[in-house]
Amino acid sequence: MAQLPMQVTFYHAAMIGNGNYCTAGTGALATNVREAAKRAGYRIVLKGGSTLRGTNAGQNLTVSLDWLNSGVAPTYENWKTTFELQNTATGAVIWSGTSAQAMRLFLPQAAPTAVADTLLLPATVPAGTYRLVLK
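Residues numbered from 1 in each chain as written. Predicted model: local features only at pLDDT ≥ 70, side-chain atom pairs only at ≥ 80, totals over all residues. Heavy atoms only, no water.

(A) Spatial organisation of the nonpolar core. The biggest cluster of nonpolar side chains holds 13 residues, and the ones touching the most others in it are Leu61, Val63, Leu65, Trp67, Phe83, Trp95 and Leu121. Listing elements by their share of this core, those giving two or more residues are strand S2 (60–69), strand S3 (82–87) and strand S5 (113–120). The element contributing the most residues to this core is S2, with four residues. Excluding residues within four positions of it along the chain, Val63 makes contact with Ser50, Thr51, Phe83, Val115, Ala116, Asp117 and Leu132. Residues Leu4, Val8, Ala36 and Ala40 belong to the second largest nonpolar core, which totals seven residues. (Core = buried A, V, L, I, M, F, W, Y, C linked by side-chain atoms within 4.5 Å. Buried < 20%, exposed > 50% of the residue type's maximum accessible area, 1.4 Å probe, protein only. Helix = DSSP H or I, 4+ residues; strand = E, 2+ residues; numbered from the N terminus. Contact = heavy atoms within 4.5 Å.)

(B) Main features of the sheet that holds strand S6 (residues 130–134). Read from one edge of the open sheet, three strands run S4-S3-S6, paired in antiparallel fashion. Each end of this open sheet is capped by a strand with a single partner; those strands are strand S4 (93–98) and S6. Each neighbouring strand pair of the sheet contributes to a mean axis angle of 20 degrees, computed without reference to strand direction. (Pairing = 2+ DSSP bridges. Axes fitted to C-alpha atoms, helices over the stretch in contact; angles between N-to-C directions.)

(C) Spatial organisation of the packing of aromatic side chains. All chains considered together, the criterion is met by two aromatic pairs. Aromatic pair Phe10 and Tyr11: ring centres 4.8 Å apart, planes at 90 degrees, arrangement edge-to-face. The same class applies to Phe10 as to Tyr11, namely exposed. Their ring planes at 70 degrees and their centres at 5.6 Å tell us that Tyr42 and Trp79 sit as a pair that is edge-to-face. On the criterion of sequence distance, the pair formed by Tyr42 in the loop between helix H2 (27–39) and strand S1 (44–51) and Trp79 in the loop between S2 and S3 is long-range, its members being 37 residues apart. We classify Tyr42 as partly exposed; its relative accessible area is 34%. Residue Trp79 is classed as partly exposed on the basis of its relative accessible area, which comes to 37%. (Phe/Tyr/Trp six-rings, centres within 6.5 Å; stacked < 30°, edge-to-face > 60°.)

(D) Quick look at the sheet that holds S5. Pairing in this open sheet of three strands is antiparallel, and the strands run S1-S2-S5 from one edge to the other. Where the open sheet ends on each side, the last strands, each with one partner, are S1 and S5. When strand polarity is set aside, the average angle formed by the axes of neighbouring strands in this sheet is 25 degrees. Relative to S5, S2 is paired through eight bridges, and the arrangement is antiparallel. Looking at the pairing, Trp67 lines up with Thr113 of S5.

(E) Structural view of the pattern of salt bridges. Going through the model one piece at a time under the given rule, you end up with two salt bridges. In this structure, Arg39 engages Glu35 in a salt bridge whose closest nitrogen and oxygen atoms are separated by 2.9 Å. Of the two residues, Arg39 and Glu35 are both situated in helix H2; the distance of four residues between them amounts to about one turn of the helix. Judged by relative accessible area, Arg39 falls into the partly exposed class, the value being 31%. The exposure class of Glu35 is partly exposed, given its relative accessible area of 31%. Among the ionic pairs, Lys135 bridges to Glu84, the shortest N-O distance being 3.6 Å. Here the residue Lys135 occupies a position in the segment after S6, and Glu84 occupies one in strand S3, the gap between them amounting to 51 residues. Taking relative accessible area as the criterion, Lys135 reaches 55% and is therefore assigned exposed. (Salt bridge = Lys/Arg side-chain N within 4 Å of Asp/Glu carboxyl O.)

Structure (structure tokens):
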């Protein structure tokens, strides 16, 4: 058990089961189990990003984001990354578009991956001020 945190990192473990450690309440064993659980899996982080203000309906909205998986394992789910324009007063979704960033098998890395999405805002989007949300 002394090597458990190192093995989670070395073998890129996505998760560990804690049901096997019935006496792990205190001491070095408990510390190692907690540390291994903290290391396991993926950690998707946005390290930066940008977009232009003042995009009009019928024009392209470009969103650039710097993605990082700082964990030890890739994501295995086939998640879609979605942008939404929401009404700032009500939260109602006015428009949504899908990012090109694929989350499935997004590997851990030392440096962020820059992804620029260019999405066409339909001409039917009413003029106004909106909140841009990433889901």
